[in-house]
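Coordinates in review
Given next are the chains, with one letter for each unit.
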Amino acid sequence: LALKQLSLSADSEDQSKPFILALNNHLENLEAYNHPKGGCFSTNPQYSDVKATALVYAVLNEASEYIELEEDRLSSLLDWLLEKRRKGVWSIGKKEATKKYTNRSLHVLKVLTDAGLNSELTGTINKIYEKVNSTNDIYSKALMANVLLKSNDERGNQLMADLLKE
């Protein structure tokens, strides 16, 4: 946000240098969370984590507006997330659809819809929507509304209207 504001200023190049240096530093620190088999880990370096990978992707994607990244860095993270979805690692099944699991899936789904992969995710979006819509969890409903609105799905407006009533 600070870089976006600075970019509107006439003196933006001089003012943004310290922010870009700090951003590069933080991105270098993120490299330590790369898992050798793909994706990123969170607390346990032995296991890749879909939510951690999605969050790293989101940070790198936004940072790519201001700094150069390795060309394949974003695409490899995205490919890894999609591969995990195909294998069912973060998709919603009937028995494992706990609140924590649903929210993790929603975070990943939001990152993927922000990346413009809405049409590939229709089935997953529908499954998660069914689960979220059957709960009273305001946080999950808000995350789901974000995903649906990003996908130009009218159900997002309905979820928002329902949330405003609560």
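Residues numbered from 1 in each chain as written. Predicted model: local features only at pLDDT ≥ 70, side-chain atom pairs only at ≥ 80, totals over all residues. Heavy atoms only, no water.

1. As for the pattern of salt bridges
All told, the structure shown has 3 salt bridges when counted by the stated rule. Glu31 is the partner of Arg73 in a salt bridge, and the nearest nitrogen-oxygen pair spans 3.6 Å. Of this pair, Arg73 sits in helix H4 (residues 71-86) while Glu31 sits in the loop between helix H2 (12-30) and helix H3 (50-63), placing them 42 residues apart in sequence. For the salt bridge of Arg155 with Asp153, the shortest nitrogen-to-oxygen distance reads 2.7 Å. What makes Arg155 partly exposed here is its relative accessible area of 23%. (Salt bridge = Lys/Arg side-chain N within 4 Å of Asp/Glu carboxyl O. Helix = DSSP H or I, 4+ residues; strand = E, 2+ residues; numbered from the N terminus. Buried < 20%, exposed > 50% of the residue type's maximum accessible area, 1.4 Å probe, protein only.)

2. With respect to H3
Under the 1.5 Å per step criterion, the end-to-end length of H3 is 20 Å for 14 residues, consistent within 8% with the ideal 20 Å. Those residues of H3 that sit buried are Val50, Ala52, Thr53, Ala54, Val56, Tyr57, Leu60 and Ala63. Measuring from the backbone nitrogen of Lys51 back to the side-chain oxygen at the start of H3 gives 3.2 Å, which picks out Asp49 as the cap. (Expected span 1.5 Å × (residues − 1). Polar contact = N/O pair within 3.5 Å; in protein donor to acceptor, adjacent residues only side chain to side chain.)

3. Here's the deal with the environment of Met160
By secondary structure assignment, the location of Met160 is in helix H8 (residues 155-165). Among the residues examined, Met160 registers a relative accessible area of 34% and is labelled partly exposed. For the pair Met160 and Asn146, spaced 14 residues apart in sequence, the C-alpha separation works out to 9.0 Å. Beyond its immediate chain neighbours, meaning those up to four positions away, Met160 contacts Ala145 and Leu149. (Contact = heavy atoms within 4.5 Å.)

4. Quick look at the side chain of Ser140
Examined against the element boundaries, Ser140 turns out to sit in helix H7 (residues 138-150). By relative accessible area, which is 3% here, Ser140 ends up buried. At 2.4 Å, the side chain of Ser140 forms a polar contact with the side chain of Asp137. With sequence-adjacent residues up to four places away left out, Ser140 is seen in contact with Asn103, Leu106 and Val132.

5. Some remarks on the packing of aromatic side chains
This structure, assessed with the given rule, holds 1 aromatic pair. Arranged with centres 5.3 Å apart and planes meeting at 45°, the rings of Tyr33 and Phe41 form a pair that is tilted. Classification of Tyr33 as partly exposed rests on a relative accessible area of 38%. Across the ring face of Tyr129, the terminal group of Arg155 is positioned such that the distance to the ring centre comes to 4.4 Å. (Phe/Tyr/Trp six-rings, centres within 6.5 Å; stacked < 30°, edge-to-face > 60°. Lys NZ or Arg CZ within 6 Å of the ring centre and 35° of its normal.)

6. A few points about the environment of Asp49
For Asp49, the position within the fold is in the loop between H2 and H3. For Asp49, a relative accessible area of 22% corresponds to the partly exposed category. Separated by 14 residues in the primary sequence, Asp49 and His35 place their C-alpha atoms 9.0 Å from one another. When sequence neighbours within four positions are dropped, the list of residues in contact with Asp49 reads Cys40, Phe41, Ser42, Trp80 and Arg104. Engagement of the side chain of Asp49 in a polar contact is seen with the backbone nitrogen of Ala52, the distance being 2.7 Å.

These results come straight from atomic positions and should not be treated as a statement about function.
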